[in-house]
Amino acid sequence: TGLGYEETELVEFFAKLDDLMEGSQEQQQLSLKLITDSLAEYNNNPSYLWRLCKSQYLCAVLAGQDGAKDIKKDLILEAVQSGERALKIDQRNSEAHKWYAISLGSRGEFQGVKEKILDGFEFKSHIDKAAELNPGDHITHHLLGRFCYEVSQLSWIERKMASTLFASPPSASLPEAIDHFLQAERLKPDGWKENRLFIAKCHIGLGEYNQAVIWLDKADSIPLASQDVREGIKDKLSQQEIDELLVKYEKHRCEK
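Residues numbered from 1 in each chain as written. Predicted model: local features only at pLDDT ≥ 70, side-chain atom pairs only at ≥ 80, totals over all residues. Heavy atoms only, no water.

1. Digging into the overall build of the protein chain
Within the protein chain, the secondary structure is distributed over 13 helices and zero strands. Going from the N terminus to the C terminus, the protein chain shows its helices and strands as α-α-α-α-α-α-α-α-α-α-α-α-α. Expected size for 256 residues packed as a compact globule is a radius of gyration near 18 Å; at 19 Å, the protein chain falls within 12% of this value. The C-alpha extent of the protein chain, read off along each of the three principal axes, is 65 × 45 × 40 Å. (Helix = DSSP H or I, 4+ residues; strand = E, 2+ residues; numbered from the N terminus. Rg over C-alpha atoms; globule rule 2.2 N^0.38 Å.)

Here it is in structure tokens:
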């Protein structure tokens, strides 16, 4: 049976929001206005609520880039709440798990070490669930790699804190991080700058500088996306770090 008029309208509304959220800064901000304007109508729809969570998170990132830290904090906290509401209604929604986790991970910026560590491991449980529900999502595997990378970089004090909070604190290594990043690469064979940059950073952490330069070259070879879309803004930031690391590790090129 075909979709009814209301269902068709909702599908079209979601498609419009999805396009806007991947667009320019103005389009991302418009997505939040449109989705917030419809809150009363779709407040119990998990597909609406995870998009609200995503949109709030994206606009928080934009606020942070403009130096508006208070607005960023408010939007991150709202995004966490929207993600929680989506998951209360539908525990089987991979996108709800993913964007709730991303929002949680960002909340750490405004918290103490203990809360940041607790949120970090809550992030991991939701990304694991998102990967289980949708194993073909390259972003989820990238985020698992990011988690492993961040845990491997924890300071001694943070590790000590984690061991007091968890009977057996989750551990993660750089080789595990590389495995997740490579799985993301397999799922998106044309790759993307940020993922290849993190593979290089893992190899740097392991002292494998020649491999790092190979992956920096691979990251560098991907054309920059347009600055008018979200991917382009992320690419620009990644490219700055790629350029810096290539200068720093150039002398290790072709070492065996």
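2. Comments concerning the pattern of salt bridges
As enumerated under the stated definition, the model contains 17 salt bridges in all. The partner of E22 in a salt bridge is R230, with the nearest N and O atoms 3.1 Å apart. Of this pair, E22 sits in the loop between helix 1 (5–21) and helix 2 (25–37) while R230 sits in helix 13 (residues 230–249), and the two are 208 residues apart along the sequence. Relative accessible area serves as the criterion here: at 31%, E22 is assigned to the partly exposed category. Between R253 and D217 there is a salt bridge; the shortest N-O distance is 2.4 Å. With R253 in the segment after helix 13 and D217 in helix 12 (residues 209–221), this pair connects stretches of sequence that are 36 residues apart. (Salt bridge = Lys/Arg side-chain N within 4 Å of Asp/Glu carboxyl O. Buried < 20%, exposed > 50% of the residue type's maximum accessible area, 1.4 Å probe, protein only.)

3. Things to note about the nonpolar core
Core analysis: the biggest nonpolar cluster contains 61 residues, and Y48, Y57, C202 and L216 have the highest contact counts within it. With nine residues, the single largest contributor to this core is helix 4 (residues 46–65). Among all residues touching L216, those that are not within four sequence positions of it are L197, A200, I242, L245 and L246. (Core = buried A, V, L, I, M, F, W, Y, C linked by side-chain atoms within 4.5 Å. Contact = heavy atoms within 4.5 Å.)

4. Re the packing of helix 8 (residues 138–152) against helix 10 (residues 174–187)
The N-to-C vectors of helix 8 and helix 10 enclose an angle of 165°; their axes lie 8 Å apart at closest approach. Taken together, the axes of helix 8 and helix 10 are roughly antiparallel relative to one another. Of the two possible hands of crossing, helix 8 and helix 10 adopt the one that is left-handed. Contact with helix 8, carried on its side by H138, H141, H142, L144, G145, R146, C148, Y149 and S152, involves L174, E176, A177, H180, F181, Q183, A184 and L187 of helix 10 and no other residues of that element. When grouped by side-chain class, the residues that make up the contact of helix 8 with helix 10 number eight nonpolar, seven polar and two charged. (Axes fitted to C-alpha atoms, helices over the stretch in contact; angles between N-to-C directions. Parallel < 35°, antiparallel > 145°, perpendicular 65-115°, else oblique. Left-handed = near helix turned anticlockwise from the far one by under 90°. Nonpolar A, V, L, I, M, F, W, Y, C, P; charged D, E, K, R; others polar.)

5. A word on the packing of helix 8 against helix 11 (residues 193–205)
At a minimum axis distance of 11 Å, the contact between helix 8 and helix 11 shows a crossing angle of 30°. Of the possible angle classes, the one that applies to helix 8 and helix 11 is roughly parallel. For the pair helix 8 and helix 11, the sense of crossing is left-handed. Across from H142, R146 and Y149 in helix 8, the residues of helix 11 making contact are E194, N195, F198, K201 and C202.

6. Focus on helix 11
Residues three or four positions apart in an α-helix share a direction because the helix packs 3.6 residues into each turn. Here helix 11 spans 18 Å end to end across 13 residues, near enough to the 18 Å set by a 1.5 Å rise per residue. Within helix 11, 12 of the 13 residues are buried, which leaves the element mostly enclosed by the surrounding structure. Residues of helix 11 that are buried: K193, E194, N195, R196, L197, F198, I199, A200, K201, C202, H203 and I204. For helix 11, the elements touching its buried residues are helix 8, helix 10, helix 12 and helix 13. Trailing helix 11 by a residue or two, G207 shows a phi angle of about 75°, which is positive. (Expected span 1.5 Å × (residues − 1).)

No statement about biological role is implied by the geometric values presented.
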